[in-house]
Amino acid sequence: MLMNQKESAFTDIDDTDKQILNILQKDAKTTIQSLADATGKSKTAIRARLQRLEKDYIKAYAAILECSKMGYREMLLASCRLNASQRLSNIKENILKMNEVRNAYLTTGEYQLFVMAKCLGHDHAMMLIESLQNIPGVEEVKTEMVLDRIKEVAGNIINNIFG
């Protein structure tokens, strides 16, 4: 029997926790006072909730940068077909060393590794593609360049998952 989203959700999150998480995803610099005002809870209660949420749910507080202003003009999407000549852990280690790679996923299907990378330009993208092709165990690399970003969301969907 398949579980629906609500059945698989963690039960230790209440509406106030959801509200805090939603606010922090929009602005991680939100003050405890602002969180208290928004939720109607005391600053002490908010601090306690944050400590609990930081143990299990909040991985980090981070600034989301405008990459194009920093010179990163290209986004490369690469699907990589792997072969069994190398251990998967070795391929993962190589990917982890590549600073340009912002996201990497093992997937099902013909191309088992999907990579998203930020590149300074066309030449940089070509160097990255060559680096991917030279990883032992990578048999083929199929690439695409992003022409336009329609939607990019840094946070997670909280209300749909948790109630």
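Before any of the text, the structure's been laid out above.
Predicted model, so just to flag it, every value in this text is computed and none were measured.

*Asks:* It is not clear to me how the packing of aromatic side chains should be interpreted in this structure. Could you clarify?
*Replies:* For any pair of aromatic rings, the description rests on two quantities: the centre-to-centre distance and the angle between the ring planes. The full count for this structure, using the stated rule, is 0 aromatic pairs. Here the guanidinium or amino end of Arg81 rests over the ring plane of Tyr111, the centre of that ring lying 4.9 Å away.

*Asks:* What is the right way to read the sheet that holds strand 4 (residues 138–145) from this model?
*Replies:* For sheets, the rule is that strands pair by backbone hydrogen bonds, running either parallel or antiparallel. The antiparallel open sheet is built from 4 strands, whose spatial order is 2-3-1-4. In the strand order of this sheet, the two ends are held by strand 2 (101–106) and strand 4, each with one partner. Direction aside, the axes of adjacent strands within the sheet are offset by 20° on average. Two elements, strand 1 (residues 74–82) and strand 3 (residues 113–119), share 7 bridges in a ladder whose sense is antiparallel.

*Asks:* What am I meant to see in helix 6 (residues 122–133) here?
*Replies:* Since the α-helix packs 3.6 residues into each turn, any two residues three or four apart lie on the same face. With 12 residues, helix 6 should cover 16 Å at 1.5 Å per step; its first-to-last C-alpha distance of 17 Å lies within 8% of that length. Among the residues of helix 6, His124, Ala125, Leu128, Ile129 and Leu132 are the ones counted as buried. For helix 6, the angular spread of buried residues about the axis comes to 140°, placing them on one side. Exposed residues lying more than 90 degrees from the buried face of helix 6 are Asp123 and Met127. Turning to helix 6, the residues buried within the fold contact strand 1, helix 5 (88–96), strand 3 and strand 4.

What counts, and where the lines are drawn
Residues numbered from 1 in each chain as written. Predicted model: local features only at pLDDT ≥ 70, side-chain atom pairs only at ≥ 80, totals over all residues. Heavy atoms only, no water. Phe/Tyr/Trp six-rings, centres within 6.5 Å; stacked < 30°, edge-to-face > 60°. Lys NZ or Arg CZ within 6 Å of the ring centre and 35° of its normal. Pairing = 2+ DSSP bridges. Helix = DSSP H or I, 4+ residues; strand = E, 2+ residues; numbered from the N terminus. Axes fitted to C-alpha atoms, helices over the stretch in contact; angles between N-to-C directions. Expected span 1.5 Å × (residues − 1). Buried < 20%, exposed > 50% of the residue type's maximum accessible area, 1.4 Å probe, protein only. Arc of directions from axis to C-beta. Contact = heavy atoms within 4.5 Å.

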